[in-house]
Amino acid sequence: MIGTYQVIRPLSAGGNAQVLVAWDASLHREVALKLLSGWAVGDPDQLVRIQREARVLAQLNHPNILRVIDLVRWQSQPVLVTELLEGRTLRAVLADGPLLLATALDLAIQVTSALDVVHRKGIIHRDIKPENLFLTADGCCKLLDFGLAKALGAEEGHILEETFQTTAGPLQGTVGYLSPEQIGGRPVDGRSDIYALGLVLWELAKGKPPGRGRTALERQIHVMKDGPGPLGSGYPAALDTLLHRCLEVEPEQRYPDAGALLGALLELKADPGAGPSGVAAGPVAGAAANPGAWRRRALPTGLVMAGVLFGAGAWARLERKPEPPVFRRLTFQRGNILRARFGPGGNSVFAGAALDGQEPGIYRIGLEGGEVRALGLRGADILSVSPSGELAVLIKDRFQASTFGAGTLARVMPGQDAPRLILDEVTGADWDAEGRDLAITRRLPDGAYVLEYPVGRELHRSTIPLATPRFAPDGKTLAFMGTAPYFTLFVREGDGRIRTLMEHLQASDPFMAWMPNGREILFSGNTHPDWMPPLLAVDLKGRSRSLARFPLRTLLHDVAADGRVLFEREVFRLEMAWIDGAGERDCSWLDGSQVAALDAARRRVLFSEVFEAVGQRPEAYLKDLATEIPQRLGYGLAQDLSPDGVWALALADDPDARLRLFPTGKGVTRDVPLRGWTPLEARFRPGHPEVLVIARPATGGPSLLQVDLATGKVRVLPVADPAALVPAPDGHRVALRTQAGRLKVLDLADGTLQDVGSLPTGTELLGWTSDGQGLYLVEPGHWPIRVERMALRDGRRTFDRLIGAKGGIAPARVDRVRQSPDGQAIGYSLLRVTLSDLLVAQGLE
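Small disclaimer: the values here were computed from a predicted structure and weren't measured.

### So, the sheet that holds strand E25 (residues 487-492)
The strands that make up a sheet pair up through hydrogen bonds in the backbone, lying either parallel or antiparallel. Taken in spatial order, the four strands make up an open sheet running E23-E24-E25-E26, and their pairing is antiparallel. The open sheet is flanked by strand E23 (466-471) and strand E26 (498-505), the only strands paired with a single partner. Strand-to-strand, the axes of this sheet are offset by a mean angle of 20°, without reference to chain direction. As defined by bridge partners, E23 adjoins strand E24 (residues 478-482) across four bridges and the pair is classed as antiparallel. Residue pairing across strands places Arg470 opposite Ala479, the latter belonging to E24.

Here it is in structure tokens:
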């Protein structure tokens, strides 16, 4: 047994991995298990690669991409569980000779379609080759290997994968299918995959790779120096033209993305005699007719060999490369930068910040002398600066030391007058090109979010939070972000149309800015979990490219008219504390300890590790206060402890959304699928073998579910748009906070729903009072944390206590507060920023 999978037989084995066939008893099917073998077992780099492959595959859903099912641990190593494929790799297929042109084009179309999805997710494969393309028995071509070196089958054992070092480190890829920029140690993007795919398609059509030489290295050098040459007679000129464009040395001369290549392939398949649109007039138009007129820089063989043998440094001397960007640090005080914007003319920066333990406020930073001057706007954060220097600021009484939450929009001319208050519950604002009016995003009393321009004129309404409106340089196009559960980048065209540019973006904050040309939007984030995300530029067709990646987490704040980029580097930590009658203690474990539940005996705390230390995938832990090291339960976002303390509840999404039950002692982990639902929050129902879950369907708003743990049966309960829940200790009722900010109590026996009253924005449910007649509420946006008691009979609220009163400097955010079932112990998590600096970069292109 490997996890819950019964091994049946070995399938293939290579130098560093083996593949086994196993039986999945839960779904009655055969699956493939890929695990490390030989020298790779215990090698840290190989462990990281197989985990990365699993996480990348989990983000992708395409019929031509290998489907990942699970990632389990066995004998201290990760094991990748995937669908079991029947067929052969294209390397094995090529052993029988070249393919028919129609077959080769069909396979290339399938692979290009998969790469289009991969690239749109911000992922580069970097190792496209026949060994990583699998042809199934039904003619489907699957893209394999997103991080683990190929586990060769017996029929492929004669293939030699040549590798070598450069001064920039080991190359990522296989010699013979590397792009010139990979060999040169230059930045790579999706066009490197297009180069490799061109080599593969050439090989499918001709039965052999392009170039002359006995080894893959010699052929690679020949193709880069002299071009691949003509396909020869019997092949359409349009195919020759297409392949030559794929194999251009300069990435800018290739197809700009996989989508463009896919369109050309489809046209070629429909009419092989006609050239793909957009190619005939391009720089390679004469290549097919006159291979000697190959349009690339003439590179003497000796220099190409020097570039290969001596690595990135030698190769760089053959190419004209842009000057490296220049960086300048602007802030040197300890604290937390909130938001920052360039001032008029780009000669200053206005920043909202909490510095040196002081209350947050607005600062002006002179870029010539470096002077940092407080403007006297306490409790405020910057949103936008008009061409005349007027500031749009956000004044907050909650979440003061964080960009989290909403506040009151105000206008102020620095040094001339007091802020003029405009509107409450605003999440973002930006001046138009003339500096007369503001576009804003805000929360309405009913819980909906709107985009307005000017203030009061609704342009767009949404059930998910909206933030960060930013005008394009043309003053007509307006970009803004949706912020839950992941970020979504929207643009509103001048004609009123609203389009989605990118979805499922993962970043710390919904920050973005337009590039000066107005054709791209810059932000710091990625389409997959990434704790050090790159600066990505997204064009108006949703295509992205990476400008830079730094060895620290960065946040994009603004871009000046001359292209200078204002960004922040930061390091943060999620700390966890426990408070009871004996005092307060730090229970933090790694870098992201998020409290989930406290047990009835007040001895144990269930929590998740959610940050970088666990590699982008939350893990559940149980800590006994009497011991130093917590018990690791497994993958999942921890939610609750059962009343008897025997089970820990978590949310898992590997690969499908489900509830996960971990035994806290002896026992076997159980999964409860939630087909068609994405769970957001879950709690045990005391006294019943059931779980109450807030979940979102494929379309529409969230619902409250009652899930029977014995049968898996799901029942939808009559509550609209729930946002948080706390079951009563007797299990007969559940208190709910709705997205519109109402407090409701549902009787689970008869279905009656009591509307207790409204809750101020930011108020969270902590738990029930011991007599069941009231609720404890917290306002985590304030520091210290204020706890109140609310009577369900009349909604009256009374002060109960303060948490964290001795905690010193306010944290960036109070992440979560939980209490023990009897209310006598409290656990809470705080986000602390340990490094936050503003920098300006010049030369990022």
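### Notes on the side chain of Gln639
Assignment of secondary structure puts Gln639 in strand E38 (residues 637-641). Reaching out from Gln639, the side chain makes a polar contact with the backbone oxygen of Leu637 at a distance of 3.4 Å. A distance of 3.0 Å separates the side chain of Gln639 from the backbone nitrogen of Ala682, its partner in a polar contact. The contacts of Gln639, once residues within four sequence positions are left out, are Ala596, Ala597, Leu606, Leu649, Ala650, Leu651, Leu680, Glu681, Ala682 and Arg683.

### As for the side chain of Gln594
Position of Gln594 relative to the elements: it lies in strand E34 (residues 593-598). Side chain to side chain, Gln594 and Asp815 meet in a polar contact 2.9 Å long. Other than its neighbours up to four places away in sequence, Gln594 contacts Leu574, Met576, Phe607, Ser608, Val610, Leu637, Asp815, Arg816 and Ser829.

### Considering the pattern of salt bridges
Scanning the model with the defined rule gives 46 salt bridges in all. A salt bridge links Glu83 to Lys142, with the nearest nitrogen and oxygen atoms 3.1 Å apart. With Glu83 in strand E5 (residues 77-83) and Lys142 in strand E8 (residues 141-143), this pair connects stretches of sequence that are 59 residues apart. Of the two residues, Glu83 and Lys142, neither departs from the other in class, the shared state being buried. As a salt-bridge pair, Lys269 and Asp106 come within 3.4 Å of each other at their nearest N and O atoms. Taken together, the positions of Lys269 in helix H8 (residues 258-270) and Asp106 in helix H3 (residues 101-120) put the pair 163 residues apart, joining distant regions of the chain. The exposure class of Lys269 is partly exposed, given its relative accessible area of 42%. One salt-bridge network, held together by shared partners, links Glu779, Arg786, Glu788 and Arg797.

### Comments concerning the packing of helix H7 (residues 237-246) against H8
Angle between the axes and distance between the axes are the two parameters that describe a pair of packed helices. At a minimum axis separation of 10 Å, H7 and H8 run at an interaxial angle of 165°. Relative to H8, the element H7 lies roughly antiparallel. Crossing hand, H7 versus H8: left-handed. Contact residues: Ala238, Leu239, Leu242 and Cys246 in H7; Leu261, Ala264, Leu265 and Leu268 in H8.

### Digging into the pairing of strand E33 (residues 583-586)
In the case of a regular strand, side chains alternate between the two sheet surfaces. As paired strands, strand E32 (residues 565-580) and E33 are joined by four bridges and run antiparallel to one another. Bridging across to E33, Ala577 finds its partner in Asp586. Turn length for the E32-E33 hairpin, with the two strands adjacent in sequence and antiparallel, is two residues.

### Description of H3
An α-helix turns once per 3.6 residues; consequently, residues spaced three or four apart project the same way. In a regular helix each residue adds 1.5 Å, so 20 residues correspond to 28 Å; H3 covers 28 Å between its end C-alpha atoms and thus fits that length. Positive phi shows up at Gly122, right after H3, with a value of about 80°.

### Some words on the nonpolar core
Counting 62 residues, the largest nonpolar core has Leu143, Phe146, Leu201, Leu204, Leu242, Leu261 and Leu265 as its most contacted members. When sequence neighbours within four positions are dropped, the list of residues in contact with Leu143 reads Asn64, Ile65, Leu66, Ala114, Leu115, Val118, His125, Ile128, Asn132 and Leu133.

### A short note on unusual backbone geometry
Cis geometry is adopted by the peptide bond preceding Pro454, which originates at Tyr453 and carries an omega value of -15°. Residue Pro784 is bonded to the preceding Trp783 through a cis peptide linkage, with omega at -5°. Examined against the element boundaries, Pro784 turns out to sit in the loop between strand E51 (774-779) and strand E52 (785-791). One non-glycine residue, Phe399, lies in positive phi territory at about 50°. Relative to the elements of secondary structure, Phe399 occurs in the loop between strand E17 (391-395) and strand E18 (407-412). The exposure class of Phe399 is buried, given its relative accessible area of 7%. Non-glycine residue Thr468 carries a positive phi angle of around 55°.

### Examining the packing of aromatic side chains
Across all of its chains, the model carries ten aromatic pairs by this definition. Pairing Phe607 with Tyr621 gives two aromatic rings, centres 5.5 Å apart and planes at 15°, and the pair type is stacked. Within this pair, whereas Phe607 is found in strand E35 (residues 604-609), its partner Tyr621 is found in strand E36 (residues 619-624), the two being separated by 14 residues in sequence. Across this residue pair, the class does not change: Phe607 and Tyr621 are buried. Cation over ring: Arg617 sits above Tyr635, and NZ or CZ is 4.0 Å from the ring centre. If you follow Arg813 out to its NZ or CZ, it ends over the ring of Phe404, 4.9 Å from the centre.

Definitions and limits used
Residues numbered from 1 in each chain as written. Predicted model: local features only at pLDDT ≥ 70, side-chain atom pairs only at ≥ 80, totals over all residues. Heavy atoms only, no water. Pairing = 2+ DSSP bridges. Helix = DSSP H or I, 4+ residues; strand = E, 2+ residues; numbered from the N terminus. Axes fitted to C-alpha atoms, helices over the stretch in contact; angles between N-to-C directions. Polar contact = N/O pair within 3.5 Å; in protein donor to acceptor, adjacent residues only side chain to side chain. Contact = heavy atoms within 4.5 Å. Salt bridge = Lys/Arg side-chain N within 4 Å of Asp/Glu carboxyl O. Buried < 20%, exposed > 50% of the residue type's maximum accessible area, 1.4 Å probe, protein only. Parallel < 35°, antiparallel > 145°, perpendicular 65-115°, else oblique. Left-handed = near helix turned anticlockwise from the far one by under 90°. Expected span 1.5 Å × (residues − 1). Core = buried A, V, L, I, M, F, W, Y, C linked by side-chain atoms within 4.5 Å. Phe/Tyr/Trp six-rings, centres within 6.5 Å; stacked < 30°, edge-to-face > 60°. Lys NZ or Arg CZ within 6 Å of the ring centre and 35° of its normal.

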